[in-house]
Amino acid sequence: PATGTEFNATSDAAGNWSFPAPNALGDYSFSVRAENGFNVSGESGYTLEVVPAPLVAPVITNPTDGAIIETEVTTISGTGLPGATITVTGDVEDTVVIGDDGVWTLPVDLGYGEYSISVTQSSEGETSPVATSSFVVAPIAPTISTPADGSDFAAGAAPTSASGVGIEGATVNVSVNGTEIGTVDIAGPVPTDATTLVAAAALPGDNWELALGSSIVTGTNVISVTQTVDGITSAAATSTITLAAVAGNPGGNGNGNGNGDGLAVTGGTDLLPIGLAAWLLIAGGLAAAVIVRKRRLGTEA
C-alpha cells in the first residue's frame, strides 16, 4: 500500500527478484527502482488486487471412489476449505461445515448396496466444482470349514461336499476350479434334488453344505465360495486342496493302466514273442506238407 515502508529485494545472477505478496484481500499499489552502486534507475509503478482464490472441489477421503466396503458405512468424510459448507447429494443428502483443520465428517447409516454421492463446498456465495464417489457396501465372505485349506486327499478319497458358515438370508455360491457347482439358500428350506447338488444337512456348527459331485480332480483344486445378500455379492473365500493320483497311473485318469488314455494296450514290442511263435508254427506246417507230398509222389512212381 501507499503507507508501506520501503524495503530491498536482491536480484539473482539472472536478474530475477521477488518479494512476498500481501495475503489480505484488497487493492494494492507499489513502485520499484533498481540500484547498482551509484547507478539508480527511475521508478515504475504497479497496482494489484488480491481476491479470494476460486474454490476447488472438496476431497472425499472415505469412501473413496470404487471402494468395496464390508458390512456397513457409518461416516462419509473428506477435506476442504476451513469454514466452508459441504453439501452432499445423491444417495446421501445432507450438509456439514468444514472444521478449522480442513476436515469434514458426515454421519451416515448405509447397509448392503451400491451408492453414489456428489459433494461440493461453498463459501461467501461461491460454490466449488463437484467431487463424486461411487462405492459398494458388501457382505463379508463366508467361511469354509470343510475341506480345510491345504488338505491332501489320497487317491479315490476325494471330499464329497463342502460346508461352512454364512450370513442368515444369504445365498451361497460354490465353484471348483472356476466352474460353478451350485448354490444354497441359508435362510430357506434346504433343497435336496440332484439338479442343485445340495446336501441335506450341514456339519455341526455350519449352516451351509453343498455336494461336490465329481468336480474334484487329480492334482490341485481351488474351491471358491461367495455369498449374496440383497443382490450384493461378497468377496470370495477359497480353500485349496490336493487329490493324489492313482498309483501306477501318472496320466491321472484313475484307470491304473499307466498309459493315461484309458485304452487297451495294442501293438508294440510285447507282441513280438507271440508273432514269432505263430510264424514258426506256420513254417513248420508248410515243411510237413512238402514232405508228405514227396512221399506220395515216390509211392506213385
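Up top is the structure these notes are about.
What this report covers is the structure whose coordinates are included nearby. (Residues numbered from 1 in each chain as written. Predicted model: local features only at pLDDT ≥ 70, side-chain atom pairs only at ≥ 80, totals over all residues. Heavy atoms only, no water.)

Here we look at the sheet that holds strand 10 (residues 103-110)
Within the open sheet, the three strands sit side by side as 5-7-10. Their pairing is antiparallel. What marks the edges here is a single partner per strand, and that holds for strand 5 (59-62) and strand 10. With direction set aside, neighbouring strand axes in the sheet form an average angle of 30 degrees. Relative to strand 10, strand 7 (residues 73-79) runs antiparallel, the two being bridged by six bridges. For Thr75, the partnering residue across the bridge sits in strand 10 and is Pro107. (Pairing = 2+ DSSP bridges. Helix = DSSP H or I, 4+ residues; strand = E, 2+ residues; numbered from the N terminus. Axes fitted to C-alpha atoms, helices over the stretch in contact; angles between N-to-C directions.)

Some remarks on the pattern of salt bridges
Two side chains of opposite charge can pair, provided their charged atoms sit close to one another. Taken as a whole and judged by the stated rule, the model has three salt bridges. Between Arg33 and Glu6 there is a salt bridge whose closest N-O contact spans 3.6 Å. On the criterion of sequence distance, the pair formed by Arg33 in the loop between strand 1 (26-32) and strand 2 (35-36) and Glu6 in the segment before strand 1 is long-range, its members being 27 residues apart. Among the residues examined, Glu6 registers a relative accessible area of 64% and is labelled exposed. Here Glu35 ties to Arg33 by a salt bridge, and the two come within 3.0 Å at their closest N and O atoms. Since its relative accessible area comes to 52%, Glu35 is described here as exposed. You can call Arg33 partly exposed: its relative accessible area is 35%. (Salt bridge = Lys/Arg side-chain N within 4 Å of Asp/Glu carboxyl O. Buried < 20%, exposed > 50% of the residue type's maximum accessible area, 1.4 Å probe, protein only.)

Considering the environment of Gly213
As for its position among the elements, Gly213 is in the loop between strand 18 (208-211) and strand 19 (219-229). The spatial distance from the C-alpha of Gly213 to the C-alpha of Ser161 is 7.5 Å, given a sequence separation of 52 residues.

Re unusual backbone geometry
Peptide bonds are mostly trans, and most non-glycine residues show a negative phi. In this chain, Asn62 is followed by Pro63 through a cis amide linkage whose omega measures -5 degrees. In this structure, Pro63 sits in the loop between strand 5 and strand 6 (68-70). The omega torsion of the bond from Thr146 to Pro147 falls at -10 degrees, within 30 degrees of zero and hence cis. Mapped onto the secondary structure, Pro147 falls in the loop between strand 13 (131-138) and strand 14 (152-153). Although it is not a glycine, Thr71 adopts a positive phi angle of roughly 80 degrees. Assessed through its relative accessible area of 39%, Thr71 is described here as partly exposed. The phi torsion at Glu124 lies on the positive side, around 50 degrees, for a residue other than glycine. Judged by its relative accessible area of 72%, Glu124 falls in the exposed class.

Don't take any of this as a statement about function, it's just geometry.
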